[in-house]
Amino acid sequence: MDIINKELIITKEDNPIYTIYIENNYNKLSSVIDKLQLEHGKALIVTDSNIGIHYAQEVKSIVNQSIPFVEILTLEPGEANKNIETIQKIYHTLISYQFDRKDILIALGGGVVGDMTGFAAATYLRGIRFIQLPTSLLAMVDSSIGGKTGVDYLSYKNMVGAFHQPSAVYINLQVLNTLPEREYYSGFGEIIKHGLIKDKSYYRWLKSNSSSILSRENESLTEMIYRSCSIKKQVVESDPHENGERALLNFGHTVGHSIEKQLNFSYLHGECVSLGIVAAAQLSYEHGNLSIDELEDIKETLKQFKLPVCLSNVSFSSKIIAQTTRNDKKMEAGQIKFILLHSIGAAYIDKTITEQEIESAVQLILI
Ligand code: ADP
Ligand code: ZN
């Protein structure tokens with residue numbers, strides 16, 4: 001792929017809904033906002049303190065070129081703050097500045113800020129518009145696209161939420177320069193997943209370009225993010241409300257979510273997805289047609305991108321992990337919908353995997 005088209009249009013029943021822009025700065029943000037025809041409304045930029053310190057003022061001044069009234073709300077960073085109380089803070093701010101339906105929210109941050117801002121936008125006055133400015137690798141390729149918004153409730157991740165599509169997704173690749181290393185690597189859990197479920201040639205491309213990708217070289221990053229967003233686009237367009245095909249994006253997540261919970265969120269999402277991918281690949285070898293060479297290749301690739309493939313000295317058993325998969329939201333009539341691979345690049349939904357089989361596969365990653 002030589003020429004990268006830096007825009008992707010997400011459609012619904014062949015009608016365009018929003019555009020994903022992949023850029024190297026925020027300069028075009030003002031013209032993107034102009035296209036939304038906001039009639040001189042107001043904008044609230046929602047961010048967290050790690051990100052806001054670097055980019056909030058710059059984004060504010062660019063948004064100000066299109067919208068006269070722009071405010072910034074800075075939240076505490078981290079998944080622990082992704083809750084209803086934080087949503088209330090966003091509502092209070094919107095009410096105090098008298099935001100109405102023609103005004104807009106702008107999410108400047110990773111998945112946590114994006115999910116919460118989207119949820120506030122989905123529910124405030126029964127829905128106002130919002131723009132995603134994803135700043136983590138994970139948010140760029142995954143959570144900012146597809147319209148899933150929400151918060152955690154009690155110990156349940158994303159338990160309360162709504163589907164609400166953004167009006168635009170604007171990715172500025174330069175912001176990845178301040179993303180901490182571990183957070184950067186975590187994004188590869190989803191990126192490698194994209195290749196595994198849908199696109200073997202992308203998976204091979206990732207492997208052969210790993211050194212330029214890991215050193216965050218611009219050209220490789222642009223191509224990678226474009227290709228990952230294209231896969232996510234293809235899947236969410238074919239199934240906007242997660243009734244079928246979109247379940248494939250859950251590859252590695254059934255076991256991954258259980259591990260994430262048992263580790264009390266001390267491991268990052270992409271790290272847990274990596275461990276879940278290893279378990280799902282093992283089950284694909286045992287129950288699908290994945291070859292032993294492909295299974296080994298998948299583990300090598302995850303390691304190449306600095307992701308974990310096993311866990312040592314943990315205080316929980318593989319049995320607990322298998323049992324917790326029962327609580328996964330992706331259950332249907334008590335049956336676990338497990339995503340397996342026929343081969344690299346070809347995923348399918350399996351409804352036959354038992355808790356016992358999950359336990360045995362997880363056993364192999366706990367050393
Ligand atoms: P994720 O995007 O992985 O779902 P978060 O939204 O919690 O999760 O982001 C991960 C962490 O990285 C948070 O601490 C966040 O503040 C920080 N972060 C996100 N993007 C950037 C960035 N571009 N520069 C610096 N820190 C960032
Ligand atoms: Zn995920």
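In the annotation of an unreviewed UniProt entry, the chain is listed under the name 3-dehydroquinate synthase and assigned to Velocimicrobium porci. In UniProt, the chain has this text filed under Function (unreviewed entry): "Catalyzes the conversion of 3-deoxy-D-arabino-heptulosonate 7-phosphate (DAHP) to dehydroquinate (DHQ)."

Before going further, it helps to examine the overall build of the chain. Scanning the chain from terminus to terminus reveals 14 helices and 13 strands. Whereas a compact globule of 367 residues would reach a radius of gyration of roughly 21 Å, the chain reaches 20 Å, a difference of no more than 12%. Taken along its principal axes, the extent of the C-alpha atoms in the chain is 60 × 45 × 40 Å. By the burial criterion, 57% of the 367 residues in the chain qualify as buried. Partitioning the intrachain contacts of the chain with sequence separation of at least 6 by distance along the chain shows that 76% fall at a separation of at least 24. If you sum the accessible surface of the chain, you get close to 15400 Å²; carbon and sulfur atoms cover 48% of it. Distance between charge centroids for the chain: 3 Å, based on 35 positive and 43 negative side chains.

On to the nonpolar core. In this structure, Tyr26, Phe188, Met224, Ile225 and Ile298 are the most contacted members of the largest nonpolar core, which totals 100 residues. Element by element, the count of residues in this core is highest for helix H11 (residues 269–287), at nine residues. Each of domain 1 (6–178) and domain 2 (181–364) gives at least three residues to this core. Discounting residues that sit within four places of it in the chain, Phe188 has contacts with Leu137, Lys193, Ile213, Leu214, Met224, Phe305 and Leu307.

Look at the UniProt record and you will see "domain: 3-dehydroquinate synthase N-terminal" (unreviewed entry) annotated at residues 73–184. End C-alpha to end C-alpha, residues 73–184 measures 25 Å, and it is 33% helix and 30% strand.

Over its 18 residues, helix H6 (residues 181–198) extends 27 Å from the first C-alpha to the last, a length consistent with the 26 Å expected when each residue adds 1.5 Å. Of all the 18 residues making up H6, 14 are buried; the element is thus mostly covered by neighbouring parts of the structure.

Around the zinc ion (ligand 2), the protein supplies Glu190 (OE), His253 (NE2) and His269 (NE2) as donor atoms, at distances of 1.9 to 2.1 Å. Spacing between the donor residues of the zinc ion (ligand 2) along the chain follows E-x62-H-x15-H. Linking Glu190 in helix H6 with His253 in helix H10 (residues 253–262), this pair joins segments that are 63 residues apart in sequence. Take Glu190 and His253: they sit in the same class, and that class is buried.

As a structural note, the neighbourhood of ligand 1 is formed by 15 residues, with Asp48, Gly111, Thr135, Ser136 and Thr178 the closest of them. The separation between an oxygen atom of ligand 1 and a polar side-chain atom of Asp48 is 2.7 Å. Within the contact set of ligand 1, an oxygen atom lies 3.0 Å away from a backbone nitrogen or oxygen of Val112. Summarising the interface, the protein chains cover 87% of the accessible area of ligand 1, which totals 560 Å² for the free molecule. Sorting the residues of the shell around ligand 1 by element identifies helix H2 (49–64) and helix H4 (111–123) as the ones contributing at least two each. Taken together, the residues of the shell around ligand 1 break down into seven nonpolar, six polar and two charged.

So, on to the sheet that holds strand E6 (residues 129–134). An order of E1-E2-E9-E6-E5-E3-E4 is seen for the seven strands of this open sheet, with the pairing classed as mixed. Single-partner strands in this sheet number two, and they are strand E1 (7–12) and strand E4 (69–75). Direction aside, the axes of adjacent strands within the sheet are offset by 20° on average. Note that strand E3 (residues 42–48) and E4 share seven bridges and pair parallel. The residue bridging Ile45 from the neighbouring strand is Ile72, located in E4. Sitting on the sheet, H4 touches E3, E4, strand E5 (104–109) and E6, and the angle it makes with E5 is about 170°.

Time to look at the packing of aromatic side chains. Counted according to the given criterion, the structure contains eight aromatic pairs. Taken together, the aromatic side chains of Tyr184, Tyr185, Phe188 and Phe305 make up a single cluster linked through ring pairs. Directly above the aromatic system of Tyr184 lies the positively charged group of Arg216, at a separation of 4.1 Å from the ring centroid.

Right, let's get into the pairing of strand E8 (residues 156–163). Two faces make up the sheet, and in a regular strand the side chains alternate between them. Here five bridges tie strand E7 (residues 148–153) to E8, and the two strands are oriented antiparallel to one another. Across the sheet, residue Thr149 finds its bridge partner in E8, namely Ala162. The loop that links E7 with its antiparallel partner E8 comprises two residues; one of these, Leu154, has a positive phi angle of about 55°.

Let us now look at the pattern of salt bridges. Taken as a whole and assessed by the stated rule, the structure comprises 16 salt bridges. Between Asp115 and Lys82 there is a salt bridge, with its nearest N and O atoms 2.8 Å apart. Placement of the pair is Asp115 in helix H4 and Lys82 in the loop between E4 and helix H3 (84–96), with a sequence separation of 33 residues. Across the pair, exposure class does not vary: Asp115 and Lys82 are buried alike. Where Lys198 meets Glu245, a salt bridge forms, and the shortest distance between an N and an O atom there is 2.9 Å. Of this pair, Lys198 sits in helix H6 while Glu245 sits in the loop between helix H9 (218–238) and H10; the two residues are 47 residues apart in sequence, bridging distant segments of the chain. Given the relative accessible area of 26%, Lys198 is considered partly exposed. On the accessibility criterion, Glu245 (29% relative accessible area) is partly exposed.

Conventions adopted
Residues numbered from 1 in each chain as written. Chains lettered and ligands numbered in written order. Predicted model: local features only at pLDDT ≥ 70, side-chain atom pairs only at ≥ 80, totals over all residues. Heavy atoms only, no water. UniProt positions renumbered as here; feature names shortened; annotations may be inferred. Helix = DSSP H or I, 4+ residues; strand = E, 2+ residues; numbered from the N terminus. Rg over C-alpha atoms; globule rule 2.2 N^0.38 Å. Buried < 20%, exposed > 50% of the residue type's maximum accessible area, 1.4 Å probe, protein only. Contact = heavy atoms within 4.5 Å. Areas by Shrake-Rupley, 256 points an atom, 1.4 Å probe, with all protein chains shown as cover. Lys, Arg positive; Asp, Glu negative; His and termini not counted. Charge placed at Lys NZ, Arg CZ, Asp CG, Glu CD. Core = buried A, V, L, I, M, F, W, Y, C linked by side-chain atoms within 4.5 Å. Domains from an automatic or database assignment. Expected span 1.5 Å × (residues − 1). Donors = N, O, S within 2.8 Å, 3.2 Å for Na, K, Ca; no water. Near = heavy atom within 4 Å. Polar contact = N/O pair within 3.5 Å; in protein donor to acceptor, adjacent residues only side chain to side chain. Nonpolar A, V, L, I, M, F, W, Y, C, P; charged D, E, K, R; others polar. Pairing = 2+ DSSP bridges. Axes fitted to C-alpha atoms, helices over the stretch in contact; angles between N-to-C directions. Phe/Tyr/Trp six-rings, centres within 6.5 Å; stacked < 30°, edge-to-face > 60°. Lys NZ or Arg CZ within 6 Å of the ring centre and 35° of its normal. Salt bridge = Lys/Arg side-chain N within 4 Å of Asp/Glu carboxyl O.

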